[in-house]
Amino acid sequence: MPLDPQAQAIADQFARLPRPDLDTLNAAAYRAGLAAFAALAPALDAGIRIDNLVLDGPAGPLAARAYQPGSADPRPLVVYFHGGGFVSCGLDTHDALCSRLALLADAIVVSIDYRLAPEHPYPAAVDDAVAAVQAVHRAAATLGADPARIAVAGDSAGATLATVSARLMRDSGLCLAHQLLIYPVTDSACDTASHREHGDAPILDSGLMRWFWRQYLPNPEAGLDPRASPLRAPELAAMPPATVITAGIDPLRDEGEAYALALVAAGVPVTLRRWPGQFHGFASLLGQLDAADEALAFAAAQLRGALAR
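In this report, we go over the structure that sits alongside the text.

1. A look at the overall build of the protein
Secondary structure assignment for the protein yields 10 helices and eight strands. Relative to its length of 309 residues, the protein is compact, with a C-alpha radius of gyration of 18 Å against a globular reference of 19 Å. In terms of principal-axis extent, the alpha carbons of the protein reach across some 50 × 40 × 35 Å. Looking at the protein residue by residue over its 309 residues, the buried ones come to 55%. When contacts within the protein are restricted to residue pairs at least 6 apart in sequence, those whose partners lie at least 24 apart make up 78%. For the protein, the accessible area works out to roughly 12,000 Å², and carbon and sulfur atoms hold 55% of it.

This is the structure we're talking about:
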């Protein structure tokens, strides 16, 4: 299936940019190159209060940002982890997405600024994610949230951190209400049919995804750890119900859908929806892609239903 016409128009813009040499590319240069996306940044939704927070992290303070709708307390709470291949992006790049999610889900969304590779390789991001969920749970009442209605969410690498932290919270006895996983990274092998079929997809291709893994992992063997590759987890039973969103023209499509099916096989309720004709990262392009607005509305509705009293 070809790209949706709106997605194709955006892909054409980025096809005109120089392609980096992945043999010589470093993280600083990659992050600087993301400035090309700044022109596509959507405006923030009105009616959302935004507060910067500092949480206790395993290696020092963790910056975070809370998005609060105007509804009455106590509200459900969503801990959000941004994408970026474990290497890039942060609170600012996901402002609009988190704002929209808070508005439509009628929930407090707390976005986490976890440590990035290669300066902080695996498992630093996982350790930060777990600590962030625990810290937000402790601070729920202060935030005006209901500690019994907490979900985790994320896109791409952030979805990986969301589901891994959900599993580790399960093991520690903290039961989360839901996990929202938008085109998650679930296996370091990068050997699925969609990697072969869409290896040269726009925005994220297979070569770039492998480069991300090289930055993130201290060694290839670390990718076998289910905290890095959640599809390799031996036991997924009793995980929170999940919503999994994938993109049709995405090397990560099949591993995300395989993870959804693994959850189902373990008895976890899952809603899986694929957006055909879309590339990886499409859900961030609010106001640029109709599919992005539709996907966020769907995601928010799933959260709203899962977090209802």
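2. Here's the deal with helix 10 (residues 290-306)
The end-to-end C-alpha separation of helix 10 is 24 Å, in line with the 24 Å expected for 17 residues at 1.5 Å each. All of the buried residues along helix 10 are A291, A292, A295, L296, F298, A299, A300 and L303. On the buried face of helix 10, the contacting elements are strand 3 (75-81), helix 3 (95-105), strand 5 (145-155), strand 6 (178-182), strand 7 (242-249) and strand 8 (270-279).

3. A look at the sheet that holds strand 1 (residues 49-57)
If you trace the eight strands from one edge of the open sheet to the other, you get 1-2-4-3-5-6-7-8, paired in mixed fashion. The open sheet has two free edges, formed respectively by strand 1 and strand 8, since each of these has just one partner strand. For this sheet, the mean inter-axis angle between neighbouring strands, taken without regard to orientation, is 20°. Judged from the six bridges that link them, strand 3 and strand 5 form a sheet pairing that is parallel. Paired with V78 across the bridge in strand 5 is A151. Together, strand 1, strand 2 (60-68), strand 3, strand 4 (108-112) and strand 5 form the strand contacts of helix 4 (residues 124-138), whose direction differs from that of strand 1 by roughly 115°. Most of the contacts of helix 6 (residues 157-172) go to strand 5, to which it runs at about 140°, and overall it touches strand 3, strand 5 and strand 6.

4. Things to note about the environment of P202
Within the fold, P202 resides in the loop between helix 7 (193-197) and helix 8 (206-216). As for P202 and A11, which are separated by 191 residues in sequence, their C-alpha atoms are 5.9 Å apart. Every residue in contact with P202, bar those within four places of it in the chain, is listed here: L3, A11 and F279.

5. So, the nonpolar core
One finds V79, F81, V110, L161, W213 and Y216 to be the most contacted residues of the largest nonpolar core, which totals 64 residues. Apart from residues lying up to four places away in sequence, V79 is in contact with V110, I112, V133, V136, I150, A151, V152 and A153. By size, the runner-up hydrophobic cluster in this structure holds 42 residues, among which are A7, F14, F282 and A291.

Calculation criteria
- Residues numbered from 1 in each chain as written.
- Predicted model: local features only at pLDDT ≥ 70, side-chain atom pairs only at ≥ 80, totals over all residues.
- Heavy atoms only, no water.
- Helix = DSSP H or I, 4+ residues; strand = E, 2+ residues; numbered from the N terminus.
- Rg over C-alpha atoms; globule rule 2.2 N^0.38 Å.
- Buried < 20%, exposed > 50% of the residue type's maximum accessible area, 1.4 Å probe, protein only.
- Contact = heavy atoms within 4.5 Å.
- Areas by Shrake-Rupley, 256 points an atom, 1.4 Å probe, with all protein chains shown as cover.
- Expected span 1.5 Å × (residues − 1).
- Pairing = 2+ DSSP bridges.
- Axes fitted to C-alpha atoms, helices over the stretch in contact; angles between N-to-C directions.
- Core = buried A, V, L, I, M, F, W, Y, C linked by side-chain atoms within 4.5 Å.

Purely geometric stuff here, so don't read any function into it on its own.
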